[in-house]
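If you want the building blocks of each chain, they are given just below.
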Amino acid sequence: MNDAFVPPYLLTLRAKERPADPLVSCVIPAYNESENIAPMLRTLHRLLSEAGLRHELVVVDDGSRDDTVQQVLDQIDALPVRLIQLSRNFGKEIALTAGIDHIQGDVAVLIDGDFQHPPEMVPVFLAQWRAGYDMVYSVRANRDNETLAKKLFTRAFYALINTGAPLKIPENTQDFRVLDRCILDALRQMPERNRFMKGLYNWVGFTQLAVETETRERQAGKSSFNFRRLLDLGLTGLTSFSNMPLRIWTLIGCVISLLSIGYAALEVVRTLLYGNPVSGWPTLAVAVTFLGGVQLLSIGILGEYVGRIFNEVKGRPTYLVSRVHEAERRDEAR
């Protein structure tokens, strides 16, 4: 277990605030998880029941195209399940947001429905929550099961987003975590629509503990999270929590300007000393095309920020709920 230093007295105070009989809300975002979702619900129910904890299992269906919804509905009468159906596929970050908005518990467990996050770690995380940590989150023990391209992209992303940042985002963190009610309330106050949840979790602060976990292969099915989605999530994270890309291109612009001034001074001296023969067309062509490419690239980076500002100021809802399914009101299961 790795964590930033937290004063022991603060953990003691937090631990005393924990309710004696908490309600644990599990948030499981699901997109085309028909083969995994029912076993995951049964596993979580068993683990939490064995621990003697009241709990609710909140599944957020993110516009699944298979029979994920039916698989969840088949469990509603047997398990303390609530199903939140979004009107379309909004993405995992928004599905997590919807789940956080709809839970009722004193503490939340965020976990994927494909068994890549080990559910047997949930009681371990909850024990640390009882010990006083407001957030207990998973950190990948290794990335052995990932492609080289994804490893390099992830490393470059964290290097860029944390460069010069006063509040650095821990590397290799996952959405698998336990959140106290104080953090849930804080997350609900954040209105942005371009959401990078790992950044938001880190930004809220409170007492946090990192726990290394082994990320497994999916139990069944194929992941819909491809490299394009990873790239889009990376851009969202960068534009939401870092202005480093803008600073980099400001620096590049300054360097190019200085080089241009230096080159102009060199040409003046050369002309005074050796005259001005009709030459230099290749140099001029290369300079014009190079500067044009730099300008277009910098405009594109600026456009990413402006585009996300545009999405924010439109003020559309972050998500829309199509249906909410749950069994008739009963006491939460143990």
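Predicted, not measured: the structure shown is a model, and the values here were computed from it. (Residues numbered from 1 in each chain as written. Predicted model: local features only at pLDDT ≥ 70, side-chain atom pairs only at ≥ 80, totals over all residues. Heavy atoms only, no water.)

Observations regarding unusual backbone geometry
Next up, step 1: Even without being glycine, F115 reaches a positive phi, approximately 70°.
Next up, step 2: As for its position among the elements, F115 is in the loop between β4 (107-110) and α5 (122-130).
Next up, step 3: One non-glycine residue, F206, adopts positive backbone phi at about 65°.
Next up, step 4: With respect to the helices and strands, F206 occurs in the loop between α8 (197-204) and β7 (208-213). (Helix = DSSP H or I, 4+ residues; strand = E, 2+ residues; numbered from the N terminus.)

Describing the sheet that holds strand β8 (residues 321-326)
Either a parallel or an antiparallel arrangement is found when strands of a sheet pair, and the pairing is made through backbone hydrogen bonds.
Next up, step 1: With mixed pairing, the 8 strands of this open sheet are ordered in space as β7-β5-β6-β4-β1-β2-β3-β8. The outermost strands of the open sheet, each flanked by one partner alone, are β7 and β8. Along the sheet, successive strands turn relative to each other by an average axial angle of 20°, direction set aside.
Next up, step 2: Note: strand β3 (residues 81-86) against β8, 5 bridges, orientation antiparallel. Residue Q85 lies in a different strand from β8, and its bridge partner there is R323.
Next up, step 3: Packing of helix α2 (residues 37-50) onto the sheet brings it into contact with β1 (23-30), β2 (54-61) and β3, and relative to β2 it is tilted by some 160°.
Next up, step 4: Most of the contacts of helix α4 (residues 92-102) go to β1, to which it runs at about 155°, and overall it touches β1, β2, β3, β4, β6 (173-180) and β8. (Pairing = 2+ DSSP bridges. Axes fitted to C-alpha atoms, helices over the stretch in contact; angles between N-to-C directions. Contact = heavy atoms within 4.5 Å.)

Quick word on the packing of aromatic side chains
Next up, step 1: Under the counting rule described, the total for this entry stands at 1 aromatic pair.
Next up, step 2: Aromatic side chains F125 and F176 sit 4.8 Å apart centroid to centroid with 25° between the ring planes, which places their arrangement in the stacked category. You can see F125 sitting in helix α5 and its partner F176 sitting in strand β6, a full 51 residues away along the chain. Across this residue pair, the class does not change: F125 and F176 are buried. (Phe/Tyr/Trp six-rings, centres within 6.5 Å; stacked < 30°, edge-to-face > 60°. Buried < 20%, exposed > 50% of the residue type's maximum accessible area, 1.4 Å probe, protein only.)

Concerning the pattern of salt bridges
Next up, step 1: This structure, assessed with the given rule, holds 12 salt bridges.
Next up, step 2: Close ionic contact of R14 with D134 constitutes a salt bridge, the shortest N to O distance being 2.8 Å. Note that R14 is positioned in helix α1 (residues 8-17) and D134 in the loop between α5 and β5 (135-140), a separation of 120 residues in sequence. Comparing R14 with D134, the two get one shared label, buried.
Next up, step 3: Its salt-bridge partner being R46, residue E50 comes within 3.7 Å of it at the nearest N-O pair. A residue pair is termed a helical-turn pair when its members lie 3 or 4 positions apart in one helix, as E50 and R46 do in helix α2 at 4 residues.
Next up, step 4: Several salt bridges converge on common partners, so that one network encompasses R14, R18, D134 and D180. (Salt bridge = Lys/Arg side-chain N within 4 Å of Asp/Glu carboxyl O.)

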